[in-house]
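Coordinate inspection notes
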Amino acid sequence: MRNPGHLAAGIALAVACAAGVFADMQNRDVHHQQQRALVGKQLGQVRARLEAEITSGIQLVRGLIAVVKLEPELDQERFGKIAASLLGDEPLLRNIAGAPDMVISLMYPMEGNAAALGLDYREAGPQREAAIRAVETREMVLAGPVNLRQGGQGFIARFPVFLDEEKTPQSLWGIISTVIDVDRFYAAGGLNDPKLGIDLTIAGRDATGEDGPVFFGSDSVLQSDPVTATVSLPGGSWHLAAVPRGGWSAVPPNTWRIRTLILLGGLLVVLPILIAGHYYDRHRADLRELNRRERQLERLSQRLKLALEASKIGVWEVDIDNHKLTWDSRTRELYGIAPDAPEPSVEECVALIHPDDRERTRNGFREAIVSNALHESEFRVVTGDGKVRWIRTIGALCQDSSGRTNLLGVNWDVSQDIELKTRLMDANRDAELRNRELEEARALMEHNSLHDSLTKLPNRRYLDQRLSATVEPGDNPAITALLHIDLDRFKQINDTLGHAAGDAMLAHAALVLRESSRCGDFIARIGGDEFVLAITNEASEADLSALAGRIIDRMREPVPYGMTECRFGVSIGIAFAETGSPDCGKRLLVDADIALYRAKKNGRNRYEFFTPALKAEIVSGKSLSDEILAGLERGEFIPHFQPQFDARTLEVTGVEALARWNHPERGLLAPDAFLKVAEELNVVQMIDRAILEQSLFQQARWAAAGLASPKVSVNVSAGRFNEPGFIESLETLNFRSGALSFELLESVFLDERCEKIAQNIERLKAFGIDIEIDDFGSGYASIVSLLNTRPARLKIDRRLIMPIVECDRQKRLAASIIDIGRSLDISVIAEGVETMAHAAILRDMGCESLQGYALARPMASDLFMDFLGAERPRHIA
């Protein structure tokens with residue numbers, strides 16, 4: 001008779017084989033899909049890199065096109081500088097060429113690309129079609145790869161440039177083209193990377209797409225069921241096709257592993273059937289072994305009894321049915337019951353348990369019986385002599401050979417363990433209490449380190465952490481905008497009413513900001529009188545304008561303090577966060593600070609938004625400031641001299657020293673290019689001193705050359721005139737009495753409230769230095785001021801001189817100033833004499849001296865020496 005186990009094993013083996021064949025086929029399909037997915041991923045990375053490289057090069061050239069539209073007449077030098085600044089270290093672009101009127105005449109870099117100069121796109125040639133297509137479509141055309149006239153191959157991007165885009169028709173300036181080096185472009189796109197695991201083909205020469213010819217790779221790839229992708233280009237596309245390097249693999253690498261698993265599965269099905277028969281044979285041997293172990297168990301039970309006696313563990317048993325309790329001698333000893341005493345009942349046993357533990361222990365036993373679970377508990381018993389002892393008990397339900405259910409367990413004395421445990425728990429509780437106190441103290445210190453003690457607002461450190469969260473999101477919402485707030489007139493309140501008043505104003509400002517902000521916004525005090533309001537919700541420019549306006553209005557309101565009312569305002573700088581920037585938080589605070597600087601500069605008590613143009617202006621101002629300081633160190637500030645003439649004889653009677661900056665890159669600059677920034681830097685005094693010292697040196701040169709040295713007039717700023725030690729510093733200079741005069745602005749010269757100015761004027765006169773009032777008529781001087789200060793000369797402001805040829809009223813006004821000077825015995829000079837008609841009118845009105853472009857322009861010292869030494873007619877036609 002056939003063994004049923006063998007038959008079942010055969011059927012199981014057949015099923016396992018069928019399942020194995022199916023699994024092998026599925027494995028091949030999955031392997032093929034995985035190959036295509038891997039090739040697609042690598043192809044996508046190549047496509048992204050190619051598009052990124054093309055886009056980055058195009059954006060650079062568009063920057064140059066914008067400059068060409070602004071400066072259509074730029075020459076090769078200008079073109080080269082702009083192209084160099086735009087390209088920088090751009091590795092892909094070999095050159096940029098400009099073709100005004102469709103002929104290449106501009107090139108950067110020139111080295112190695114000069115051969116392309118003179119190429120006329122209008123003539124027949126390989127590049128004419130792409131150039132004409134770019135002009136007709138008015139869009140960039142990418143051609144290539146093509147053989148370059150200057151050698152090598154490259155992709156050529158041609159951009160048509162039209163001027164007057166707002167007019168119709170537009171004017172064609174020409175074409176800007178750039179050459180993308182083929183080898184560098186392929187390298188940047190990773191096409192030549194030996195680690196690239198695919199064979200790649202690119203079709204679509206001249207951006208003609210899938211139907212275009214292949215210009216990279218082999219045509220065979222297109223016939224091998226490739227994975228494809230498209231590179232989008234301006235005006236067209238390239239078609240990418242790729243297969244795994246070496247072709248598609250038909251056999252998965254894990255084929256034998258899968259087949260091995262199938263074999264093992266079959267064995268797992270068949271072997272148990274074969275093993276079952278083997279175990280049947282062993283069943284009889286197991287029975288014999290069972291009997292042997294029962295005898296061994298009996299011996300172990302005897303040993304356990306000895307162990308219980310030695311360890312002083314008591315054994316108890318309760319008959320569940322009749323509640324009969326059985327104790328051994330050790331259990332009687334633990335409960336304080338005499339060995340010869342009758343067996344206690346369950347109730348008598350419960351009565352020995354400490355009243356506080358009795359109910360808990362009773363319930364524990366009941367639950368163990370009901371749930372048939374192991375029972376463990378600790379409780380106290382009170383012995384007959386009043387001694388309290390801790391007992392640990394463990395019990396479980398069991399059935400004896402007759403089927404009766406008993407609760408069997410053990411007891412042992414754990415009084416010492418409980419005592420030790422109690423001491424450890426007390427110590428642990430004390431330690432936890434101390435740790436809690438330390439943690440509270442640490443939390444308080446951390447809170448204080450992140451908050452301002454006066455206003456209870458977060459401080460600068462906390463703000464820095466939150467700003468970092470705009471880059472690294474955490475539990476707090478990201479900051480979308482920032483208001484940098486600075487209190488105006490706070491220092492005056494602090495200085496006049498004391499620090500207590502200042503603290504009250506700061507607390508009031510913090511309250512206003514809390515009441516003006518929205519839920520979720522972040523307010524911080526980051527300096528003495530500086531606050532920051534960080535916006536965490538989406539907000540438009542109009543929303544922030546309204547918020548800033550409300551804050552400014554609230555801050556303007558008077559704040560009662562003691563018996564007085566304090567008033568102050570705020571200036572606010574506002575900046576929006578730029579998403580995606582790695583240092584967004586730090587830049588946001590800097591941008592808001594730049595906007596705050598502009599708000600304070602524009603008059604305070606207002607708000608300003610940060611813009612890139614504002615940042616560029618600040619950066620430009622910072623750069624100009626650095627250049628001014630460096631220029632002072634290098635002695636780049638020099639005087640230019642404009643002669644002053646006698647109104648009747650036209651003889652040179654004096655010269656005014658005018659400050660000029662001999663900039664190493666921008667050339668000679670007039671004061672309007674640097675004076676405003678110099679005033680902000682507080683270096684006008686240094687420039688004044690440099691011009692004065694160089695003017696005296698040049699005056700000595702003129703005298704040494706035998707020229708009639710005229711009086712030199714030097715402009716002196718208000719800061720220089722009020723500078724401590726100004727008069728004393730003149731003692732170190734070498735000049736003769738009457739050869740030097742200082743020109744002061746009318747507003748400074750005639751400030752009757754400044755006694756120091758009047759004292760300095762008298763001391764200058766004692767040195768033999770004449771005083772002149774510059775730009776007279778532009779201020780609000782009084783006749784009394786002229787009588788008190790008695791200047792040597794008045795210089796009529798050029799704005800009063802320019803209109804006298806056409807305007808009789810202006811002519812009468814100039815004549816009145818001349819009459820005032822004559823009546824007070826003060827010489828009068830007119831500046832801004834632009835025509836000989838001005839000179840004639842002023843001469844006839846009695847003006848003594850003239851200065852202006854009609855007679856002579858400002859000139860360097862050497863040219864002025866030539867001017868003085870030349871034989872010139874006294875009357876200038």
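Numbering of residues starts from 1 in each chain and follows the order in which that chain's sequence is written. Under the rules for a predicted model, residues below a pLDDT of 70 receive no local features and side-chain atom pairs below 80 are neither given nor counted, while totals for whole chains, interfaces and linings still include all residues. Only hydrogens and water are set aside when side-chain values are computed; all heavy atoms of the structure are taken into account.

Quick notes on the overall build of the chain
Quick reminder of the rule: Secondary structure elements are defined from DSSP: runs of H or I of at least 4 residues count as helices, runs of E of at least 2 residues count as strands, and each element is numbered from the N terminus. Here the radius of gyration uses the C-alpha set of atoms, whereas the globule reference equals 2.2 Å times the residue count to the power 0.38. The cut-offs for exposure are 20% and 50% of the maximum accessible area for each residue type, with area from a 1.4 Å probe on protein chains only; residues under the lower value are buried, those over the upper are exposed, and the others partly exposed. Throughout, the Shrake-Rupley method with a 1.4 Å probe supplies accessible areas, and for residues the shown protein chains are the sole cover considered. A residue counts as positive if it is Lys or Arg and as negative if it is Asp or Glu; His and the chain ends are not included. Lys charges are placed at NZ, Arg charges at CZ, Asp charges at CG and Glu charges at CD.
When helices and strands are tallied, the chain shows 26 helices and 30 strands. Taking 29 Å as the expected radius of gyration for a compact globule of 877 residues, we find that the chain reaches 51 Å, considerably beyond that expectation. Projecting the C-alpha coordinates of the chain onto the three principal axes gives extents of approximately 150 × 90 × 50 Å. Classification of the 877 residues of the chain by burial places 41% in the buried group. By element, 54% of the accessible surface of the chain is carried by carbon and sulfur atoms, the whole surface being about 48100 Å². Here the chain carries 101 positive and 124 negative side-chain charges, and the mean point of each set is 4 Å from the other.

Overview of the sheet that holds strand E6 (residues 198–203)
Strand pairing in a sheet relies on backbone hydrogen bonds. The paired strands run either parallel or antiparallel. What counts is decided by this rule: Here, a strand pair is defined by DSSP locating no fewer than two bridges between the strands. A fitted line through C-alpha atoms represents every axis, and for helices the fit uses only the stretch in contact; the resulting angles, taken between N-to-C directions, go from 0 to 180 degrees.
Sheet architecture is open: four strands sit in the order E7-E6-E9-E8, paired in antiparallel fashion. Looking at strand neighbours, the two that pair on one side only are strand E7 (214–216) and strand E8 (227–233), the edges of this open sheet. Averaged over all adjacent pairs, the angle separating strand axes in this sheet is 30°, with direction ignored. Pairing between E6 and strand E9 (residues 236–244): six bridges, direction antiparallel. Directly across from Thr-201, in E9, lies its bridge partner Ala-241.

Topic: helix H13 (residues 541–556)
Rules: Every helix has an expected span of 1.5 Å times one less than the residues it contains. Here a residue-residue contact requires only that any non-hydrogen atoms of the pair lie within 4.5 Å.
In this model H13 runs 22 Å from its N-terminal to its C-terminal C-alpha over 16 residues, within 8% of the 22 Å that 1.5 Å per residue would give. All buried positions along H13 are accounted for by Leu-544, Ser-545, Leu-547, Ala-548, Gly-549, Ile-551, Ile-552 and Met-555. Tucked inside the fold, the buried residues of H13 contact strand E15 (481–488), helix H12 (499–516), strand E17 (530–535), strand E20 (569–576) and strand E21 (607–609).

Remarks on the nonpolar core
Test applied: Side-chain atoms within 4.5 Å link the members of a nonpolar core, which is a set of buried Ala, Val, Leu, Ile, Met, Phe, Trp, Tyr and Cys residues.
In this structure, Ile-628, Leu-730, Phe-742, Leu-764, Leu-842 and Leu-850 are the most contacted members of the largest nonpolar core, which totals 69 residues. Of all the elements, helix H17 (residues 684–704) adds the most residues to this core, at six residues. Apart from the residues within four sequence positions on either side, Leu-730 is in contact with Leu-692, Phe-735, Phe-742, Leu-764 and Ile-769.

A word on the packing of aromatic side chains
Quick reminder of the rule: Here a pair means two rings of Phe, Tyr or Trp (six-membered ring of Trp) with centres within 6.5 Å. Their orientation is stacked below 30 degrees between planes, edge-to-face above 60, and tilted elsewhere.
Under the definition given, this model contains 22 aromatic pairs. Residues Phe-576 and Phe-609 carry aromatic rings whose centres are separated by 6.2 Å and whose planes lie at 10° to one another, so their mutual orientation is stacked. With Phe-576 in strand E20 and Phe-609 in strand E21, this residue pair connects regions lying 33 residues apart in the sequence. The exposure class assigned to Phe-576 is partly exposed, which follows from its relative accessible area of 31%. A relative accessible area of 14% means that Phe-609 is categorised as buried. These aromatic residues form a ring-pair network of at least three members: Phe-155, Phe-185, Tyr-186, Phe-215, Phe-216 and Trp-238.

Observations regarding the confidence of the model for the chain
Inclusion rule: You can read pLDDT as the predictor saying how much it trusts each residue, on a scale of 0 to 100.
Looking at the chain, pLDDT values average 83 and 91% of them are 70 or higher. Across residues 871–877, confidence stays below pLDDT 50; counting only partners more than four residues off in sequence or on other chains, it has 10 contacts.

Some points on the pairing of strand E4 (residues 153–163)
Judged by how many residues are buried, E4 sits mostly within the fold: 10 of 11 residues are covered. Pairing analysis gives 10 bridges linking E4 to strand E5 (residues 171–181), with the strands arranged antiparallel. Across the sheet, Arg-158 pairs through a bridge with Ser-177, a residue of E5.

Considerations on the side chain of Ser-695
With respect to the element layout, Ser-695 can be found in helix H17. For Ser-695, a relative accessible area of 1% puts it in the buried group. The residues contacting Ser-695, other than those within four sequence positions of it, are Pro-639, Phe-641, Ala-657, Val-712 and Val-714.

Structural notes on the pattern of salt bridges
For the record, the criterion: What counts as a salt bridge is simple: a side-chain nitrogen of Lys or Arg found within 4 Å of a carboxyl oxygen of Asp or Glu.
Counting across every chain of the model gives 48 salt bridges. A salt bridge links Glu-515 to Arg-554; its shortest N-O distance comes to 2.9 Å. Residue Glu-515 is located in helix H12, and its partner Arg-554 is located in helix H13; the two are separated by 39 residues in the primary sequence. A network of salt bridges, in which partner residues are shared, links Asp-356, Asp-357, Arg-360 and Arg-380.

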